[in-house]
Protein chains: 2
Amino acid sequence: MAERTDSPQALPEVSALSIGILGGTGDQGRGLARRFALAGHTVLIGSRSAQRAQEAAEGVGARGAENAVVAAEADVVIVAVPWEGHKQLLESLREPLDGKIVVDCVNPLGFDKQGAYALPVEEGSAAQQAAAVLTGSRVVAAFHHVSAVLLLDPSVDEVDLDVLVLGDDREATDVVQALASRIAGARGVYAGRLRNAGQVEAMTANLISINRRYKVHAGLRVTDV
Amino acid sequence: MAERTDSPQALPEVSALSIGILGGTGDQGRGLARRFALAGHTVLIGSRSAQRAQEAAEGVGARGAENAVVAAEADVVIVAVPWEGHKQLLESLREPLDGKIVVDCVNPLGFDKQGAYALPVEEGSAAQQAAAVLTGSRVVAAFHHVSAVLLLDPSVDEVDLDVLVLGDDREATDVVQALASRIAGARGVYAGRLRNAGQVEAMTANLISINRRYKVHAGLRVTDV
């Protein structure tokens, strides 16, 4: 890997890394799978059912397998499961995820008539819960604000957003920033330690409010970086 | 006021509104005062001490007075006090703030060797605490992410950020969006109800992390709006 720098433009070479996406049958997972496959990565979509994984992988340039197989085979593993069941799934995959970079992009949100709102999380955030469960993994938080609609839309060549990347392991956050920047139009920006992941996850509720008010697919850009 | 629309570009006319800033002797308060004065607003800086308020007002084109005087006189009142003492100050100003638009921009943050982090707030956020205390006011949350350094820098003609505006009173959030857009370079964007203000306040910790990593004064822009 390349040397560390403080520029988001100078990041390690990650094009050879394979990417696994747990819970990759949902829209967010399939959208990320599609964009990483377009960027030339080997992408593995995981699900409880190998067959559902294979079905989801069709059409986005990925391979499908059971979550445990994906966790064992992929170089970097993205967690894109629903918040319900998040902890339980990770507990079941502690061994295959040991030593790996695990990227949590789960948003613990509730929904009612007034829209989305952040759910309280005992550990502070989904990412911190992942870190508490996966003590042998290098947990990073990222990809919370990507619009699944845009990622899956074949008419969208580039997305217009920065991916906020959080974590306590500098080498791991550098790798994830570089991976984020492989998505056409996106840029990975370091945005703090894992203890500050909760508000990034929760901000997804605000983006949903923005989308509803303005009828858009909003993203965030960080200025001056 | 102009008719409601869903465009951030079409907002009510607010140029005649006077703006009071409670705790306006701090950098954030003085920075906002300076920019609103530059935009042509009458600006009142409030402090516990009228003398300190007058000193802070000098050089930024504002007038200084005691907080209670500012709360009574200004059309729109911005709360820019430190988190410590936030609740107490607002409790003391319930009467003069009754019926007014009160804009809370307070970030409940702690700091240690690893940087900034979000403090837990019983009411969910500083803005919700303000709403709980000021039951007769129209509480809006905004201006959390503005960089005091940039606001105060005479060489900075325009800031590069969107001001996220949150609240449950549509007319009030429209007014605050319009006010935010009076700051050269800034744009007021509606970003949800008050119950989703906590993560916006807490995101200031992430911006501090970004500033530290990249040696910048970061802001956020909302794309596709």
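By the naming in an unreviewed UniProt entry, chain A goes by NADPH-dependent F420 reductase and is assigned to Planotetraspora phitsanulokensis.

*Asks:* So, the packing of aromatic side chains: which residues are in play, and what are the values?
*Replies:* Residue and element names in this part refer to chain B. A full pass over the atoms with the stated rule returns 2 aromatic pairs over all chains. Look at Phe 36 and Phe 143: their rings are 5.8 Å apart centre to centre, the planes differ by 90°, and that puts the pair in the edge-to-face class. Of this pair, Phe 36 sits in helix H1 (residues 27–38) while Phe 143 sits in the loop between strand S8 (138–141) and helix H7 (148–152), and the two are 107 residues apart along the sequence. The class for Phe 36 is buried, based on a relative accessible area of 0%.

*Asks:* Talk me through helix H6 (residues 126–133) of chain B; I want residue IDs and the actual numbers.
*Replies:* All names here are of chain B. Judged by how many residues are buried, H6 sits mostly within the fold: 6 of 8 residues are covered. When H6 is considered as a whole, its buried residues turn out to be Ala 126, Ala 127, Gln 128, Gln 129, Ala 130 and Val 133. The inward-facing, buried residues of H6 abut helix H4 (86–92), helix H5 (94–97), strand S5 (101–104), S8 and helix H9 (198–214).

*Asks:* I'd like a description of the nonpolar core, backed by residues and values.
*Replies:* Leu 22, Leu 97 and Ile 210 of chain A together with Leu 22, Leu 97 and Ile 210 of chain B are the most contacted members of the largest nonpolar core, which has 78 residues in total. Sequence-distant contacts of Leu 22 of chain B, that is, excluding residues within four places in its chain, are made with Gly 46, Asn 67, Val 70, Ala 71, Val 77, Ile 78, Val 79, Ala 80, Val 81, Leu 89, Leu 93 and Leu 97 of chain B. Counting 40 residues, the second-largest nonpolar core is a separate cluster that includes Val 14, Ile 21, Ala 53 and Val 76 of chain B.

*Asks:* Describe the relation of the copies chain A and chain B, listing the residues and the values that go with them.
*Replies:* For the match of chain A to chain B, the screw axis carries a shift of 0.0 Å, the RMSD comes to 0.0 Å, and the turn is 180°. In the structure described here, the two chain copies are related by an operation that fits a two-fold rotation axis. Within chain A, Gln 199 of chain A has its C-alpha nearest the rotation axis, a separation of 2.2 Å. Of the residues that chain A buries at the interface, 100% are likewise interface residues in chain B, meaning the two copies contact each other through the same surface.

Cut-off values and rules
- Residues numbered from 1 in each chain as written.
- Chains lettered and ligands numbered in written order.
- Predicted model: local features only at pLDDT ≥ 70, side-chain atom pairs only at ≥ 80, totals over all residues.
- Heavy atoms only, no water.
- Phe/Tyr/Trp six-rings, centres within 6.5 Å; stacked < 30°, edge-to-face > 60°.
- Helix = DSSP H or I, 4+ residues; strand = E, 2+ residues; numbered from the N terminus.
- Buried < 20%, exposed > 50% of the residue type's maximum accessible area, 1.4 Å probe, protein only.
- Contact = heavy atoms within 4.5 Å.
- Core = buried A, V, L, I, M, F, W, Y, C linked by side-chain atoms within 4.5 Å.
- Least-squares fit on C-alpha atoms with pLDDT ≥ 70 in both.

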